[in-house]
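A look at the structure
The primary structure of each chain is shown beneath.
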Amino acid sequence: MITHVSAGGWSSLPTPLTPWILDVIQSMGHTHMTPVQASTIPLFMKHKDVVVEAVTGSGKTLSFVIPILERLIRREGKFRNDELGALVISPTRELATQIHAVFKSFLDAQPDSTEGLRYPEPLLLISSSQSSPAQDLQRFLSTGANIVIGTPGRVEEFLLGKGKNTVNVKQLEVLVLDEADRLLDLGFQAALTRIITHLPKQRRSGLFSATMTDADALSELVRVGLRNPARIIVKVQAKKTNSSTQGSNATPGDVVEERRIPANLQNFYLECSASEKVVQLSRIISHEISQHQSSQFIVYFSTGACVDYFYKILPSILPHSASLYSLHGNLPPAARTRALEAFSSAISTPSTPSILLATDVAARGLDLPGVDVVIQFDPPSDPKAFSHRCGRTARAGRSGRAWVLLVGRETEYTDFMSIRQIPMKPRSRFSKDNMPLVDSNSGGDTERSEDPDVELFLSTIRGHVSIDRAVHDMATKAFVSFVRAYSKHEASYIFRLKDLDLLGVAKSYGLLRLPRMPELKGVDRTLWQDALLDWDTYAYANPAQEAKRLAEVANSSEKASERAKKNTERAEKRKNNGAWSDKVVRKEGKEKRKEKKSKKKQWLKAQQIIATESSSSTLKRTREADSEDDDDGDDWAALQKEERMAKKLRQGQISQREFDMEFGDLES
Ligand SMILES: Nc1ncnc2c1ncn2[C@@H]1O[C@H](COP(=O)(O)OP(=O)(O)OP(=O)(O)O)[C@@H](O)[C@H]1O
């Protein structure tokens, strides 16, 4: 369904558009302006700075493209080759390329007789994967381009790096920040400030986004050099029923709600357990294909590693065959361009369903009118990205459907979004037959039982993963990156890692075993079962990678046996060292005892000298015998006994013979 949201014909603008510009607009099939265009174009064409907030897909691009062209066409005096007339900055290269294409569709159609924009090529994209900054600079000078479009990094390089003394910005008429709230975020702030400081103050500036709410702080606007800007907010009113209308289409008497998402967007959330997410993703896709004949999907994940992994896994679990595409920021620029081009052309000729798996690099601005369904497998870390992701469908009055999977207490996210005028409707989990999954009811309490197919999916994914060890590496990387991203959610009081069932997530991912990571420290591992697999023979499908692994295994087992050998040697040495030190201790003890003994014997000797002359030979023999005695206790007892006997001998209580029998050399 396409609901045309009109706000008057193009001819109703207070300043008429240049005829050939109007022709191009008509050739695009845009018979009427959208509300944001009707509000913005007249102001921005004149001398007003604008801050524009309007929902996704409402036509903001033409709201700045047309005023820029009109200002440059009407300008008195031609730009010199090194002079820049207009600068458009966007946060991603994909969006920059798209904006470039919109400008180009106008400029390519300009008649030869046109005054104003008559350069070999008045337009320059400086974030293309096909050109280097040096080449951009060269093209700028050779073509005399006056409209430059780029991402912050490349624009900075262009104006303040290599091009510092080449690109003349003195005559700059217009600066546009598309997705301005994103550009004013911390990540881009420093580069943006440097660029803006470099530009002349006498210029018009326009800030555009579907989520400008945070960027309207006065200090932000002053920082980007806006003076007394016109604030344009285009809100959507929708009937609080299933059939929605937009803007003035709501009739008096209807219960209407204001929302910050397109009126024709149906926005659903589906609550399931962590272990059920992949099952439910597959079933939403299946439901959309069979019930709504949807054929173009974008599925958002939280990290590039998750995109890579599910790109591998999904074909094994999707009930329908589909063409998959992947797009994330870690891909080389050329691969990103290829993926987007392939997905776009698949959209224009739908035969089998096409599914783009993406991160937030594809959340904002991309205009892919054929997208029927957006599924957020993981809610975004930045809540603002939520409406941008949803907004890849239901564009320009078309209808579209968006889903988000929420786990446990994550359903609080719906209230969080509702406050931000982004309503969501609950949907039940889907059963195998794509019917709502009914929770069992025992004694009045509804029990959420895990979908029985979770185990089936787990073993299917595991089966797929176990074919190639590289996929296992991807699975582990994806899981780890997901957990780390989860802990960085901006809405951290809703997305709390400690509340998340990590074993459920691991199950959903089809992990063969749990990775070693501190976040898994507290989990009850008795609830987890590793896949039965011989890890020694589990191989990489890529022969070179497998050869490398085997070499590493051999190397590490060699190292392990070397380590074991060294350990044994060390143990042996310790033992020997231990025996030696025992000896030392024993020797020292012996010497101490000897010393003690000799002192006592000296004392005894003195006693014996006092005693009888006849016992002296016996005592001498006793001393000699004692000196060989190592046992300190027995020795001391013997000495005491000897001393007692010697005393008895002196007192005549025993005879010399009796004494000698005991201590001397007489046999008893
Ligand atoms: N006046 C119009 N009538 C009908 N369709 C239009 C009109 N103006 C623009 N469009 C179409 O609407 C679609 C969305 O436009 P655009 O990409 O500018 O949206 P946006 O507001 O910038 O969205 P986002 O916030 O997602 O970047 C485009 O396909 C464009 O061709």
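Note: the structure precedes this text.
Counting starts from 1 at the beginning of each chain's written sequence and moves along it residue by residue. The model is predicted, so local features are restricted to residues of pLDDT at least 70 and side-chain atom pairs to those at 80 or more, both for listing and for counting; the totals for chains, interfaces and linings are taken over all residues. Processing note: side-chain calculations cover all non-hydrogen atoms of the structure and skip hydrogens and water entirely.

With respect to the site of the ligand
Applicable threshold: Near, as used in this document, describes a residue that has one of its heavy atoms within 4 Å of the molecule or strand being considered. By the criterion applied in these results, polar contacts are pairs of N or O atoms within 3.5 Å in which, for protein atoms, one can donate a hydrogen and the other can accept it, and in which residues neighboring in sequence qualify only through two side-chain atoms. In these tables, accessible area is a Shrake-Rupley quantity obtained with a 1.4 Å probe, and a residue counts as shielded only by the protein chains included in the view. Helical segments are the DSSP runs of H or I of at least four residues, strand segments are the runs of E of at least two, and each set is numbered from the N terminus.
Close contacts around the ligand come from 21 residues, with His32, Gln37, Lys60, Thr61 and Asp367 the closest. Between the ligand and the protein, one listed contact pairs an oxygen atom with a side-chain N or O atom of His30 at 3.3 Å. In this structure, an oxygen atom belonging to the ligand sits 2.8 Å away from a main-chain N or O atom of Gly57. Calculation on the ligand without its partners gives an accessible area of 640 Å², and the protein chains cover 89% of this total. The element that contributes the greatest number of residues to the shell around the ligand is helix H3 (residues 60–74), accounting for 3 residues.

Some thoughts on unusual backbone geometry
Defined as follows: The cut-offs for exposure are 20% and 50% of the maximum accessible area for each residue type, with area from a 1.4 Å probe on protein chains only; residues under the lower value are buried, those over the upper are exposed, and the others partly exposed.
The phi dihedral of Glu179 is positive, around 55°, even though this residue is not glycine. A positive phi angle, near 55°, is found at Gln293, a position not held by glycine. Tracing the backbone through its elements, the reader meets Gln293 in the loop between helix H10 (277–292) and strand E11 (296–300). Since its relative accessible area comes to 58%, Gln293 is described here as exposed.

Overview of the pairing of strand E1 (residues 50–54)
Working note: regular strand, side chains alternate between the two faces of the sheet. What counts, and what does not: At least two bridges found by DSSP between two strands are what make those strands a pair.
By the criterion of burial, E1 is predominantly enclosed, with 5 of the 5 residues buried. Residue alternation in E1 divides its side chains into two sets, Val50, Val52 and Ala54 and Val51 and Glu53, and both sets are buried. One ladder, built from 4 bridges, connects E1 with strand E6 (residues 204–209); its direction is parallel. Pairing of Val52 across the sheet is with Phe208, part of E6. Pairing of E1 with strand E7 (residues 230–234) involves 5 bridges; the strand directions are parallel.

Remarks on the pattern of salt bridges
Any two side chains of opposite charge can pair, on the condition that their charged atoms come close. Heads up, the rule is: Should a side-chain nitrogen of Lys or Arg be within 4 Å of a carboxyl oxygen of Asp or Glu, the pair is scored as a salt bridge.
Scanning the entire structure with this criterion turns up 32 salt bridges. The partner of Glu258 in a salt bridge is Lys235, with the nearest N and O atoms 3.4 Å apart. One end of the pair, Glu258, is in strand E9 (residues 256–259); the other, Lys235, is in the loop between E7 and strand E8 (236–239), and 23 residues separate them in sequence. A relative accessible area of 35% means that Glu258 is categorised as partly exposed. Put simply, Lys277 and Asp378 hold a salt bridge, and the shortest N to O gap is 2.9 Å. With a gap of 101 residues between them, Lys277 in helix H10 and Asp378 in the loop between strand E14 (373–376) and helix H13 (384–390) connect regions that are remote in the sequence. Since its relative accessible area comes to 7%, Lys277 is described here as buried. Put simply, Glu179, Asp181, Arg364 and Lys384 are held in one network by salt bridges that share partners.

Let's talk about the packing of aromatic side chains
So the rule is basically this: Classification of ring pairs rests on two measures: the distance between centres of Phe, Tyr or Trp rings, Trp counted by its six-membered ring, which must be within 6.5 Å, and the angle between planes, read as stacked under 30 degrees, edge-to-face over 60 and tilted in between.
Here the structure, examined in full by the defined rule, presents 21 aromatic pairs. Between Tyr413 and Phe416, the aromatic rings sit 5.7 Å apart at their centres with planes inclined by 15°, giving stacked as the arrangement. Here Phe416 and Tyr413 lie together in helix H14 (residues 413–419), a separation of 3 residues that amounts to about one turn. Phe416 shares its class with Tyr413; the two are buried.

With respect to the packing of helix H11 (residues 304–317) against helix H15 (residues 453–465)
Spelled out, the test is: Axis angles are defined between N-to-C directions and span 0 to 180 degrees, where every axis is a line fitted to C-alpha atoms and, for a helix, only to the segment in contact. Any angle from 65 to 115 degrees is called roughly perpendicular, while one under 35 is roughly parallel, one over 145 is roughly antiparallel, and all others are oblique. Note on convention: near helix rotated counterclockwise from far helix by under a right angle means a left-handed crossing. Clockwise means right-handed. Every residue pair with non-hydrogen atoms within 4.5 Å of one another is taken to be in contact. The classification used treats Ala, Val, Leu, Ile, Met, Phe, Trp, Tyr, Cys and Pro as nonpolar, Asp, Glu, Lys and Arg as charged, and all other residues, Gly among them, as polar.
Packing of H11 against H15 brings their axes to within 10 Å, and their N-to-C directions diverge by 120°. Classed by the angle they form, the pair H11 and H15 counts as oblique. H11 and H15 meet at a crossing whose hand is right-handed. Here Tyr309, Lys312, Ile313, Ser316 and Ile317 of H11 come into contact with H15, specifically with Phe457, Thr460, Ile461, His464 and Val465. Of the residues in the contact of H11 with H15, the class split is 6 nonpolar, 3 polar and 1 charged.

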